[in-house]
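Residue strings, one per chain:
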Amino acid sequence: MTESLVEVRNLKKYFPITAGILRRKVGDVKAVDGVSFNIRTGETFALVGESGSGKTTTGKTILRLYRPTDGKIIFDGEEISQLKDRQLKKFRRVMQMVYQDPISSLNPRKRVKDILLEPLIIHKIGTPSERYSAVKKILEIVQLGEDYLYRYPHELSGGEKQRVAIGRALILNPKFIVLDEPTSSLDVSVQAKIIHFIKELQKKFKLTYLFISHNLSLVKNISNYVGVMYLGKLIEMGPTNELYRKPLHPYTQALLSAIPVVSDEEEKMKPRKTPIKGEIPNPANPPPGCRFQTRCPFKKEICEKVTPEMIEVRKTYFVSCHLIS
Amino acid sequence: MSKSHKDSPLLQVKDLHVYFDTIEGTAKVLNGVFLTIKKSEAVSLVGETGCGKSVTAKTIIGLLPVPPARIVKGEVLFEGKNLLKMNEDELWKIRGRKISMIFQNPMTALNPIFTVGAQLKDVVKWAGKRKVGLREYFRGGTEEKEIEEKILKMLEQVRLPSDVIDKYPSQLSGGMRQRVLIAMALINNPELVIADEPGTALDVTIQDQILNLLKERIQSMKISVLYITHNLGVARELSQRIYVMYAGNVIETAPTKKLFKSPSHPYTIGLLEAVPKLTGEMEKGIPGRVPDYKNPPTGCRFHPRCNFAMPICKKKFPEPVEIETEHWICCHLFK
Amino acid sequence: MSRAVLEAGISESTLKYKLEDLRRAWYRFKKNKLSIAGLSIILFVVFMAIAAPYISPYPEDAGAVVKFEQAYQPPSWEHLFGTDEAGRDVLSRVIFGARYSLTLAFVVLTIAVCIGVPLGLIAGLYKGLISDIIMRVTDVFLALPSIVLALAVTVVLSPSLINVMWAMAFGWWPWYTRLVYGEALSVKQEDFVEAAKLLGASKIRIAFKEILPNCISPIIVKITLDMGFVILAGAGLSFLGLGAQPPTPDWGTMMSEGRSHLPTIWWPTVFPGLAVCFTVLGFNLLGDGLRDVLDVEVT
């Protein structure tokens, strides 16, 4: 059995809300509010949810771009939850991220060559000529010609920019990459190329991915394991095929039933249409009890008072819902 | 297919060519677009970024910035009359009243300094009127009551609470703003609504609500719709006929069911294959890049990327051919 | 390939591409006729300043020379701009005057930028007490009209060109702080800054390699436009008697000296005044042109 590369235990990340001249704290945005899961080596773990779900914050907190408010992050056996910046530097080589918007994730004033050299310079890897060769090699891997070295980001198409971003993430030879909606700003045909490419890279370099997305059809195509988040909490998670075949949580069912599909075949695979009313509540002021109760068509009285626990329904399949107890 | 009352179509776009003059050259963005919408029909114009679908929509409704845009050839016939040849006064009477538009981004499409009620009132009072005299502007009073009732009724139909009238757009969520946009587009009972990427800026569950609302409203008001979208799944759910665009041309069109059952143009097939599906299939996509409109490929603009390209594809643009009932395609493979 | 050759090859290629960038930028700049006009004016003024002793007809008149018998001569072929109250050739003095104006602008802005830009960068990047203190001090300085500030400083110190430079630099740096602060704040939010942090870059590295290069365009444009305004303000202060003292051929000072004889003896005042206008115009046109070129680059 493959061990877990990443273990997340009761992770919390709150962002303080301040008011007044003296910036006194008046509350918290509970972006991530007690999330636990494992990512096994070599697998693609997908985190899905809508805005305010906390999926991006979870990914960034695991990478220690934020300091967790509470909880543990164990990466490759080492606990990194409370490490200081200097101690984290060595981890920067093994965990990386690809951002959603390729335009803002590349410095417009830097050429591709400099963007790719930067990680090597920061970590003082190799001599200048060795670095140059490494950059050329990476360009080959991301399937861009050598003439791209001296171009600026604004001279590249969306797909090409994203390849450079992926190249930057790969050049340090990481083990773990967080992909935050890497293709949502790309067209369908470009997306297909990039996703296939990302899958090949995973096989070739034995990478572990955390794939964050709101596109459920895409998630089905790339992940082995899915976690569904709502307002800072994980409400359901399990192996991809199982979760899609028989989703248990009403929110998961609603999400899956809302996917626009392109064939009758897929239509039959969707759960029955369960339209949910209302808006997503403000993460600064989540509803009491179960977070989803204000919009749940099956709400019971207990849902308004008690937050449901995460239960292991069967091996590796978890749900947190009072309907399933 | 929907049954139309009369056989004459509501909107007909014929051989539309639109060019953009830029410092670096002339971009030949639209290369002969054709489109027909019947009364009470829902049609989608589907294509990827840069294919010209937004330009087509803007040309229809008359919001194209001319210059740098230039309408070189073609007609846009609305109820038989050519919109491109109308004078400003006539165009104004149609735009906003008979043809309305739901804009793409609910976050930016509403004026932040006016309340929702004020903006809706503006639409009811002034849509279609090009010149409004001062006296007319300040008059108000008599029709106020009717207008308010109309607004309240519309809000109910888009399932917004009536207190939204006094709220500012910044106080509303994305979904609610989108509903306001829908209300603004439908309140004057138009004949045709153009919906630009409805719901793409919203979350999946909210988008679902909005699309269902749109579908329901349009069916009950018997309006025609032109959906502009890049999402084939959304087009499949919302429309009865789909037009697929590539690089400034409509390359295939068919009733929805037929299009998904027997897609025929290599681009359509490639596009459909590239869509991630719940069945776990997702092909590698289409090789190559979208062409540069300043120097587009000759003949069929797709030929550089087409696996089935023949010598004639480079020489001559394939005119539309009907391959089965109501299924048209622009491709030399089908003659 | 040997390491030295490879490294030489890399830097050579980069140089080639950098030149290509410059060439493209110049091509875009060239398209705007006004920008070329501005550049020409400035080059001309700079040339005047550098070559003053060689191109002015009476270079000795720039100093403390007195030839009363030639005083107040109207413009003629011997004295194209006429002579002033001490009989000195106005044209030569105007040419030499370019030196003082350009030096003033250069020194003032160098000081202002060296103080203002780092402060703005620090304020933009370190949110909290430091940023607050810096910005509030900046606000205080911005609230005082720079002329009044310059006046105050020169009254305390004795009037001279050098003191005017200090006084003006004092009033000018806050604008740069505020500009850089705003730019740094918005650039800080971009993903590539976070990506750099994720790669392990230190805060200093991020400040100089990621943030600052993206703030530079507006700084360059502002410096160019400010050159004109500094010269204008400096001429004003000299006109008031606070700057360069007679017999220095500073344009403002010259205008002040000739003021009492207007409008009949107009040439000692008008020609230096035109020189100021001409130079300021040049910098404004150049600044506008630069702004258009630099903005396009990023989009």
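That block above? That's the structure.
A quick note: this is a predicted structure, and the numbers were derived from the prediction, not measured. (Residues numbered from 1 in each chain as written. Chains lettered and ligands numbered in written order. Predicted model: local features only at pLDDT ≥ 70, side-chain atom pairs only at ≥ 80, totals over all residues. Heavy atoms only, no water.)

## Some remarks on the overall build of chain C
The line we're drawing: To qualify as a helix, a DSSP run of H or I must reach at least 4 residues; to qualify as a strand, a run of E must reach at least 2; elements of each kind are numbered from the N terminus. Exposure is judged per residue with a 1.4 Å probe applied to protein chains only, and the accessible area is read against the type maximum: over 50% gives exposed, under 20% gives buried, and values in between give partly exposed. Contacts are residue-level and defined by heavy atoms, with any inter-residue pair within 4.5 Å sufficient. Each accessible area is a Shrake-Rupley estimate made with a 1.4 Å probe; only the visible protein chains count as cover when residues are assessed.
When its secondary structure is counted, chain C shows 10 helices and zero strands. Helices and strands appear in chain C in the N-to-C order α-α-α-α-α-α-α-α-α-α. Its C-alpha atoms put chain C at 75 × 50 × 35 Å along the principal axes. Counting across all 299 residues of chain C, residues that qualify as buried make up 47%. Sequence separation of 24 or more characterises 71% of the internal contacts of chain C that already satisfy a separation of 6 or more. Carbon and sulfur atoms make up 71% of the accessible area of chain C, which totals about 14,800 Å².

## Looking at the interface of chain A and chain B
Counted only if it meets this: The term buried area means the drop in 1.4 Å probe accessible area that two parts suffer when joined, counted for both and summed. In the sections that follow, a salt bridge refers to a side-chain nitrogen of Lys or Arg positioned within 4 Å of a carboxyl oxygen of Asp or Glu. Throughout this entry, Asp, Glu, Lys and Arg are counted as charged residues, while Ala, Val, Leu, Ile, Met, Phe, Trp, Tyr, Cys and Pro are counted as nonpolar. The remaining residues, Gly among them, count as polar.
Contacts between the two partners involve 43 residues from chain A and, on the opposite side, 38 residues from chain B. If you sort the residues of chain A by the area they bury against chain B, Val-188, Val-262 and Glu-279 of chain A come out on top, with a joint share of 19%. The interface formed by chain A and chain B holds six salt bridges in total. Across the pair Arg-289 of chain B and Glu-160 of chain A runs a salt bridge whose closest N-O atoms are separated by 3.3 Å. Elements with a minimum of two residues in the side of chain A that touches chain B: helix 7 (188–205), helix 8 (216–222), helix 10 (250–257) and helix 11 (264–269) of chain A. Counting residues per element, the side of chain A that touches chain B draws most heavily on helix 7 of chain A, which supplies eight residues. For the side of chain A that touches chain B, the residue count by class is 17 nonpolar, 10 polar and 16 charged.

## Here we look at the packing of aromatic side chains
Let me state the cut-off plainly: In this analysis, rings of Phe, Tyr and Trp, with Trp reduced to its six-membered ring, are considered paired at centre separations within 6.5 Å, and the interplanar angle assigns stacked below 30 degrees, edge-to-face beyond 60, and tilted for intermediate values.
Per the stated rule, a full pass over the model turns up 18 aromatic pairs over all chains. Aromatic pair Tyr-246 of chain B and Phe-302 of chain B: ring centres 5.1 Å apart, planes at 85 degrees, arrangement edge-to-face. One end of the pair, Tyr-246 of chain B, is in strand 9 (residues 241–246); the other, Phe-302 of chain B, is in the loop between helix 10 (266–274) and helix 11 (311–315), and 56 residues separate them in sequence. Here the aromatic cluster, defined as three or more aromatic residues joined through ring pairs, consists of Phe-81, Trp-266, Trp-267 and Phe-271 of chain C.

## What to know about the packing of helix 7 (residues 191–199) of chain C against helix 8 (residues 203–239) of chain C
The relative placement of two packed helices comes down to the angle between their axes together with the axis-to-axis distance. All names here are of chain C. Going by this rule: Here, axes are lines fitted to C-alpha atoms. For helices the fit covers the stretch in contact, and angles between N-to-C directions go from 0 to 180 degrees. Any angle between 65 and 115 degrees counts as roughly perpendicular, while under 35 counts as roughly parallel, over 145 as roughly antiparallel, and the rest as oblique.
Between helix 7 and helix 8, the shortest axis-to-axis distance is 10 Å and the interhelical angle comes to 170 degrees. Put simply, helix 7 runs roughly antiparallel to helix 8. Counted together, Phe-192, Val-193, Ala-196 and Lys-197 of helix 7 and Ile-206, Glu-210, Ile-211 and Asn-214 of helix 8 form the full contact between these two elements. Tallied by class, the residues present in the contact of helix 7 with helix 8 amount to five nonpolar, one polar and two charged.

## Re helix 8 of chain C
Residue and element names in this part refer to chain C. Selection rule: The span expected for a helix works out to 1.5 Å for each residue beyond the first. Here the bend at a residue is taken as the angle between two axes, fitted respectively to the seven residues that end there and the seven that start there.
Over its 37 residues, helix 8 runs only 47 Å from end to end, short of the ideal 54 Å by more than 12%, given 1.5 Å per residue. Maximal helix bending in helix 8 amounts to about 50 degrees, located at Leu-212; proline Pro-213 follows within four positions. Residue Gly-241 follows helix 8 closely and has a positive phi angle near 90 degrees.

## Some details on the pairing of strand 11 (residues 311–314) of chain A
All names here are of chain A. Selection criterion: Two strands pair under a simple rule: DSSP has to find at least two bridges between them.
The pairing of strand 11 with strand 12 (residues 317–319) spans three bridges and is antiparallel. Bridge assignment links Arg-314 to a residue of strand 12, and that residue is Tyr-317. Taking the residues between adjacent antiparallel strands as the criterion, strand 11 and strand 12 are bridged by two residues, where Thr-316 takes a positive phi near 65 degrees.

## A short note on unusual backbone geometry
Most peptide bonds take the trans configuration, and most residues that are not glycine carry a negative phi. Note that the residue after Pro-246 of chain C, namely Pro-247 of chain C, is joined by a cis bond; omega there is 10 degrees. Position of Pro-247 of chain C among the secondary structure elements: in the loop between helix 8 and helix 9 (251–258). Of the consecutive residues Leu-262 of chain C and Pro-263 of chain C, the connecting peptide bond is found in the cis state with omega at -10 degrees. Of note, Pro-263 of chain C is situated in the loop between helix 9 and helix 10 (267–298). Phi is positive for Ser-40 of chain B, which is not a glycine, with a value near 60 degrees.

## A short note on the state of the cysteines
Under the convention used in this document: Two cysteine sulfur atoms form a disulfide, by the criterion used here, when they sit within 2.5 Å.
All chains considered together, the criterion is met by zero disulfides over all chains. The thiol sulfur of Cys-303 of chain A is not disulfide-bonded, and the nearest other cysteine sulfur, from Cys-290 of chain A, lies at 6.0 Å. Here Cys-313 of chain B stays free of any disulfide, with the sulfur of Cys-300 of chain B as its closest cysteine sulfur at 6.0 Å. A residue is classified by how much of its surface remains accessible, and Cys-313 of chain B, at 8% relative accessible area, is buried.

## Examining the side chain of Glu-50 of chain A
Where we set the bar: Charge assignment: positive for Lys and Arg, negative for Asp and Glu; neither His nor the chain ends contribute. Between N or O atoms, a polar contact is any pair within 3.5 Å; within protein, one atom must be a potential hydrogen donor and the other a potential acceptor, and residues adjacent in sequence are included only when both atoms are from side chains.
As for its placement among the helices and strands, Glu-50 of chain A is situated in the loop between strand 3 (44–48) and helix 1 (55–62). Salt bridges are absent for the buried Glu-50 of chain A, whose nearest opposite-charge side chain, Arg-295 of chain A, sits at 4.4 Å. A distance of 2.7 Å separates the side chain of Glu-50 of chain A from the side chain of Tyr-251 of chain A, its partner in a polar contact. Separated by 3.2 Å, the side chain of Glu-50 of chain A and the backbone nitrogen of Val-204 of chain B make a polar contact. With near-sequence residues (within four places) excluded, Glu-50 of chain A lies in contact with Lys-55, Tyr-251, Leu-255, Ile-280 and Arg-295 of chain A together with Asp-203, Val-204, Thr-205 and Ile-206 of chain B.

## Description of a nonpolar patch on the surface
Residues and elements named next belong to chain C. Defined as follows: Patches were defined on residues exceeding 30% relative accessible area and lacking a salt bridge, with like-charge contacts within 9 Å and nonpolar side-chain contacts (Val, Leu, Ile, Met, Phe, Trp, Tyr) within 5 Å.
Together, Phe-44, Phe-47, Tyr-54, Ile-55 and Phe-278 make up a nonpolar patch on the protein surface, roughly 570 Å² of accessible area in all. Per-element accounting of the nonpolar patch gives the leading share, four residues, to helix 2 (residues 33–55). Tracing the backbone through its elements, the reader meets Phe-278 in helix 10.

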